[in-house]
Amino acid sequence: MFRTALRNVLAHKARLLMTVLAVTLGVAFVAGTLTFTDTLGKALSGQSAKSYDGIAVSVTSNGSIREENGQKTEPGISQKTLAQVKVLKGVESVSGRVSGFAGVGDENGKLIGSGWANKGSNYAPGKDGKDPRYTFTVGKGPAGAGQIALDKATADTGKYSVGDKVRVATNSPVKEYTLSGVFTTQDGQVNAGGSLVLFDTAVAQEQYLEPGFYDELSVAAASGASADQLLAEIDPLLDGKNTKAQTGAVLAKEQAESIAKEMSDVSSMLLAFAGIALFVGVFLIYNTFSMLVAQRTRELALLRAVGAKRGQVIRSVMSESLVVGAVASAIGLACGVGLALAMRSLMDTLGANVPSGTLVIAPSTVVTALVIGVLVTLVAAVFPAWRTGRIPPVAAMGSANLPATAKSLVRRNIIGSVISILGTGLVLLGVSIGFDGRTVIGIGAFFMIIGLIVLLPLLSRPVIAAGRPALEKIFGVPGKLAAQNAVRNPRRTAVTAASLAIGLTLVTTMSVLAITMGKAVDRMSTDKLMADYKVSMSDGSGRLDALVVETLAKARGIKEVSPNADGYFSAAGTTRLASGVNPAAIGNLLNIEVLHGSLDSLGKGEIAVAEKTAKEQNLEVGSTLQAQFDDGQKATLKVGAVYQDMESLLSPYIIDSKILSEHSEDQYIREVYVNTNGGESKASEKAVIDALGNNPAMTVATRQDMRNEMGGTINMALNIMYGLLGMALIISVLGVVNTLAMSVFERTQEIGMLRAIGLDRGLVKNMIRLEAVVISLFGAVLGIAIGVFLAWAIGTTFSKEVPGYQLVLPYDRISIFLLLAAVVGVLAAMWPARTTARLNMLTAIKTE
C-alpha cells in the first residue's frame, strides 16, 4: 500500500503542487524566523561579550537620586571612590565612564543615526595614553574642552575629517567642537545604527553629571588576581544603595540572557504569524486531498474489492500526505535558511549594522520545521482519509463523485451554529466585563472563527445568491454559470473561502482598531494643543535642558513659552505625579477645560487637579495637601482648580515649574510649548529653530506635523502587520488556484458540452474568472464583517480609558480589501481559465 501511495503522489504531481507550495511557505516562515533570531542573538551576544573583555569588575550608579530626606546624595560615583579602588591590591587599572545623549548632524543638518541610540561619553585613556574601548583609525582622543572624537560611521556619513568643526547636539542648545579623531568600537548602540561622540572627561562630567563624578567604573585585574576577590574588596567601598558592583563575567551573562529574551520575544511574534499561515494552509491541504479522494473513488474502491482493508486504504491516503509533507518541509527548511540570510542582508541595507557572525542552523530548528510541516499535512489529510475508509466498495465503484449527504450537512450546520453562538456570547460577555474582558473576547473570537468555518457551506448559498442577479445582468450567461458553479459544492467553496476570511478578519480587526485609536490619540493631543509649536527631542524620549526654556523665552519673535516638566511629590503616603508649567502662559498654550476654580491660582503657588484624581482623592477647590518633595522639604499645597483629564499631555496634578525646580536640581522637561508673535508661519518656525541653534536633535512641530507623525506611525505599524500576514494571503491565493484547477478537471466533460452548444473560449474563461472572484469576495465579505465586529468589541473594552474614543470605519481601506480580493480571484483564475479554454471539445466530451 505504501508503494501504491508513492505511485499516486508521483502520478498527481501537478495536482499536489499547490499543497507543496502552501506547506513550503509556512515551514519557510518558521525555519527562517528561528534561524534568523538564533543567528542575530549569537552575533549580539558575541558582540556584548567583547565589550566586557578585560573588565574584571564593573561598578555602576543609578544616578537617579540627587536629594533624599533633606540630605543631598552623590549624583554618581565620586573621584574619591575611583582613587580608593585604584589602590586596591590586584587592580591593574580603573577607568571612569560617564554618558548621556549627544548627536551630530550631517551636511544638511539632519541628525545622523537613530535618535534613541545616539550617545555621548568620555574618553578615558589609561597609562599608555589609550582607551581600550576605542581603536582610532585617524587622529587621537579629545584633550580639552573644545575637542571631540566621532565613531567612523558617523564621521563618514557626515563627511567629517580631523580638524573640522562639528556642531554637537545635546538636550540643550548646540555647541561647536573641533574633531580630534575618528575611531571604531564594539559598542552595541553604535552597531545598532546610533552614533557615539567622545568628550574630554571633564566636559562629559559637566554635561551629564557633575565635575568629579562617573556613571560607571571599569576595573581591570592584575595578572593572577581573581575577579571575585576584587569584587569582595570593592563592595565595602560603595554605599550599597545607589551603586552596585558586579564581575564582568556576570554582566556578560546577564546581557546574553537579556538578548536571548529579546530574541525570544521577536521569534514568538513572527512565529505567531507563521502559525496563521500554516493554519490557512490546512484548508488548502484538506481541499486538495478531499478532491483527490473524490476523483479516485473508483480506483480506491477497486483496491477494496481486491482485498484491501479499510485501515489499509486510510493508511494509503495518510502515507501520501506524509510523503507530501516531508518533501514540502525539506524544501521549506532550505527556503527558510535563504529567507534568514535575506532578512540579515535587508537589515544591513537599511543601516541596522548587524554584527558579523556565522549562520546558526540549530538542530532544534531543523526538527521543528520538519515536524511542523509533516504534522500540519497529516492533520489536514485525516478527515479526507477517514471518509475514504467509510466508502463501501460497490457504492464507490458506481460513482465517480461523492457528494455530501443532506444528513451530514445538517449535522455540520447544527454544530457550527452552536459554536458560533458560543463564540458570539463570549465576545459580548467580554464587552460587558470591560477593560479586563479582552482575554474573554480573544477566546470568543477563536470560537467565532471556528464556527464561521463550519457554517460556511450554509452561508455560501444565500450570500452568493444575493449577488447572482448582478452577475447575470452584467456578464450574462458566464455570470449565471459562475454563480451556480460557486455553490455547486458548498463544502469546497467554504474551505476555499475560509482561508481568505481568516486573513481578512485579522487584517480588518487590526486596521479598524489602529485607525480608531490613532484618531482618538490625535484628538486628545492635537485638539488640546493651542500652541504654535511643540519642541521635543527627536528620539521622542529624551530630556530637554532647562536652558532650552530660558533661551526660547529670551529669543526675538517668541511671545510665550511653557515647559511641560515631570515632577513628583508625596502626600498621604503615596507618590503623586505632577506637570510643571508656566502659570502665566499655559492657558494660552493648552486647551485646558477648567471645571472648577481658575488656572490663575497656579501663579499663587496653588495646584490644579484632574477631575478623575480629584474624585478618587476627595479633593475640591480649597482642599489642601501636605506634600513632601524629593529633597525632603515639606509644603502645604492648596487646590486652586479642577480640570478635565488630559492624560496624553498632562499629569494628574499641575504645578508651577518654579516650585518643582526649587526642590529638584535636574528637572525632566519632556516638551516645551511656544507661541510666536507672528503665529504659525515659516518665519516663526525659523525663529524657533534659530533660537535653538538649529539643533538636529530637537524637533519643532506644528499641530499638523504631529498629525502627520501619528498617521505615519499607524501606517508603518499596519504595513508591517500586512506584510507579516501576506504569507497567509498568498496561501489563500494558492487555495483558490487549487480549487479551480481541480474543479475544472472534474467538470471537463461538462465544459466540453458547453463549448459544443455555443459557449466560446472567451466566455468559458470569463466563467472561470467570475467563479474565482465570487469565491474570493464571499470570503472577503464575511472576513471583513467579523473583523469589524471584533474591532468594535475590543475597542469598547478600553473606550472609557481613552477620552474621545469613537469607532472609525476606514471605508477606504475596506474598499481596497474588497478590490484586492477581486484581484486575487482574477489572478488565481489565470492558469485554470487558460487551461479550460484550450480543452479539445470532443476529447472533453468523451472524458468520464
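Residues numbered from 1 in each chain as written. Predicted model: local features only at pLDDT ≥ 70, side-chain atom pairs only at ≥ 80, totals over all residues. Heavy atoms only, no water.

Here's the deal with helix H3 (residues 79–86)
For clarity, the threshold we go by: Here the term buried applies to any residue with accessible area under 20% of the maximum for its type, exposed to any over 50%, and partly exposed to those in between, with areas from a 1.4 Å probe on protein chains only. Strands are runs of DSSP state E lasting at least two residues, helices are runs of H or I lasting at least four, and both sets are numbered from the N terminus onward. The directions from the helix axis to the C-beta atoms form the arc being described. Whether two residues are in contact is decided by their heavy atoms, any of which lying within 4.5 Å being enough.
Of all the residues in H3, the buried ones are Thr81, Leu82 and Val85. Along the axis of H3, the buried residues cluster in a sector spanning 100°; they form a single face. Along its buried surface, H3 packs onto strand S4 (77–78), strand S5 (91–97), strand S14 (213–214), strand S15 (216–221) and helix H7 (227–234).

A short note on the side chain of Thr613
With respect to the helices and strands, Thr613 occurs in helix H19 (residues 611–617). Ignoring any residue separated from it by four or fewer positions in sequence, one finds Thr613 in contact with Pro652 and Tyr653.

Let's talk about the packing of aromatic side chains
The description of an aromatic ring pair uses the distance of the two centres, along with the angle that the planes make with each other. Formally: Working definition: a ring pair exists when centres of Phe, Tyr or Trp rings (six-membered ring for Trp) sit within 6.5 Å. Plane angles under 30 degrees give stacked, over 60 give edge-to-face, the rest tilted.
Applying the stated rule across the entire model yields 10 aromatic pairs. Aromatic rings pair up to connect Tyr123, Tyr134, Phe136 and Phe183 into one cluster.

Examining the packing of helix H24 (residues 761–797) against helix H25 (residues 811–828)
Note the cut-off: Angles shown run from 0 to 180 degrees and are taken between the N-to-C directions of axes, each axis being a line fitted to C-alpha atoms and, for helices, limited to the stretch in contact. Put simply, angles under 35 degrees are roughly parallel, angles over 145 are roughly antiparallel, angles from 65 to 115 are roughly perpendicular, and the rest are oblique. Helix crossings fall into two classes, left-handed where the near helix is turned counterclockwise from the far one by less than a right angle and right-handed where it is turned clockwise.
In contact at an axis separation of 8 Å, H24 and H25 are set at 150° when each is read in the N-to-C sense. Considered as vectors, H24 and H25 are oriented roughly antiparallel to each other. The chirality of how H24 crosses H25 is right-handed. Facing Ala772, Val773, Ser776, Leu777, Ala780, Val781, Ile784 and Val788 of H24, the residues of H25 in contact are Ile814, Phe817, Leu818, Ala821, Ala822, Val824, Gly825 and Val826.

Observations regarding the sheet that holds S5
Formally: Two strands qualify as a pair provided that DSSP identifies no fewer than 2 bridges between them.
Taken in spatial order, the 4 strands of this open sheet run S5-S15-S1-S16, and their pairing is antiparallel. Two strands lie at the open edges of the sheet, namely S5 and strand S16 (243–247), each paired on one side alone. Pairwise comparison of adjacent strand axes, ignoring direction, gives a mean angle of 15° for this sheet. Across 4 bridges, strand S1 (residues 57–61) lies against S15 in antiparallel orientation. By the bridge assignment, Ser58 is partnered in S15 with Ser218. Where H3 meets the sheet, its contacts fall on S5 and S15, and the angle it forms with S5 comes to roughly 165°. On the sheet, H7 packs against S1, S5, S15 and S16 and is oriented at approximately 165° with respect to S16.

Overview of the environment of Asp566
Here is the rule: For this analysis, a polar contact is any N or O atom pair within 3.5 Å, provided that within protein one partner can donate a hydrogen and the other can accept it, and provided that sequence-adjacent residues contribute only side-chain to side-chain pairs.
Mapped onto the fold, Asp566 is located in strand S18 (residues 558–571). In this structure the C-alpha to C-alpha distance between Asp566 and Ala578, which are 12 residues apart in sequence, comes to 6.0 Å. Apart from residues no more than four positions distant in its own chain, Asp566 is found in contact with Ala578, Ser651, Tyr668 and Arg670. Looking at Asp566, its side chain comes within polar contact range of the side chain of Arg670, at 2.9 Å.

So, the pattern of salt bridges
If charged atoms from side chains of opposite charge come close, those side chains can pair. Rules: In the sections that follow, a salt bridge refers to a side-chain nitrogen of Lys or Arg positioned within 4 Å of a carboxyl oxygen of Asp or Glu.
Counted according to the given criterion, the structure contains 8 salt bridges. For Glu472, the salt bridge identified is with Arg468, shortest N-O distance 3.0 Å. Taken as a pair, Glu472 and Arg468 lie in helix H14 (residues 438–475) at a separation of 4 residues, close to a single helical turn. A relative accessible area of 31% places Glu472 in the partly exposed class. Residue Arg468 is classed as partly exposed on the basis of its relative accessible area, which comes to 29%.

Things to note about the packing of H14 against H24
Selection rule: Each residue receives one of three labels: charged for Asp, Glu, Lys and Arg, nonpolar for Ala, Val, Leu, Ile, Met, Phe, Trp, Tyr, Cys and Pro, and polar for the others, Gly being one of them.
Two elements in contact, H14 and H24, have axes whose closest approach is 7 Å; the angle formed by their N-to-C orientations is 140°. Where H14 crosses over H24, the two elements pack in a sense that is right-handed. Residues Arg438, Ile441, Ala445, Met448, Leu452, Leu456, Leu459, Ser460, Val463, Ile464, Leu471 and Phe475 of H14 pack against Leu770, Val774, Phe778, Leu782, Ile786, Phe789, Leu790, Ala793, Ile794 and Thr797 of H24. In terms of residue class, the contact of H14 with H24 is built from 19 nonpolar, 2 polar and 1 charged.

A closer look at the confidence of the model for the chain
Test applied: On a scale of 0 to 100, pLDDT captures the predictor's confidence in every residue.
Of the residues in the chain, 88% have a pLDDT of 70 or more, and the chain-wide mean is 82. Counted against residues more than four places away or in other chains, residues 65–70, with its pLDDT under 50, gives 25 contacts.

A word on the pairing of strand S25 (residues 668–676)
The buried count for S25 comes to 7 of 9 residues, which makes it a mostly enclosed element. In terms of strand pairing, strand S17 (residues 533–537) meets S25 through 3 bridges, oriented antiparallel. Within the sheet, the bridge partner assigned to Tyr533 lies in S25 and is Val674. As paired elements, S18 and S25 share 8 bridges and run antiparallel to each other. Among the inter-strand pairings, Ile558 is bridged to a residue of S25, identified as Thr676.

What to know about the nonpolar core
Threshold: Throughout this description, the term nonpolar core refers to a set of buried Ala, Val, Leu, Ile, Met, Phe, Trp, Tyr and Cys residues connected via side-chain atoms within 4.5 Å.
Core analysis: the largest hydrophobic core is formed by 91 residues, its most contacted members being Leu456, Ile464 and Ile768. Ile768 has contacts with Leu740, Val744, Arg747, Ala829, Pro832, Ala833 and Thr836, leaving out every residue within four places of it along the chain. Formed by 24 residues, the second largest nonpolar core is a distinct cluster that contains Met537, Ile558, Leu692 and Ala697.

Quick look at the environment of Asn591
Relative to the elements of secondary structure, Asn591 occurs in the loop between helix H18 (586–589) and strand S20 (594–597). With 62 residues separating them in the primary sequence, Asn591 and Leu529 have C-alpha atoms 6.0 Å apart. Apart from residues lying up to four places away in sequence, Asn591 is in contact with Asp527, Lys528, Met530 and Met646.

Quick word on a nonpolar patch on the surface
Here is the rule we go by: The patches reported here contain residues having more than 30% relative accessible area and no salt bridge. Joining distances are 9 Å for like charges and 5 Å for nonpolar side chains (Val, Leu, Ile, Met, Phe, Trp, Tyr). Surface accessibility follows the Shrake-Rupley procedure with a 1.4 Å probe radius. Residue values consider only the protein chains on display as shielding.
Among the surface-exposed residues, Val367, Val371, Leu375 and Val379 lie close enough to one another that they form a single nonpolar patch of about 360 Å² accessible area. With respect to the element layout, Val379 can be found in helix H11 (residues 363–389).

A short note on unusual backbone geometry
Glycine aside, negative phi is the norm for most residues, and most peptide bonds take the trans geometry. Positive phi is not limited to glycine here, since Asn618 has a value of about 55°. Take Asn618: it is sitting in the loop between H19 and strand S22 (624–629). In the Ramachandran plot, Asn694 falls in the positive-phi region, its phi being about 50° despite a non-glycine side chain. For Asn694, the position within the fold is in the loop between helix H21 (682–691) and strand S26 (698–701). A relative accessible area of 40% places Asn694 in the partly exposed class.

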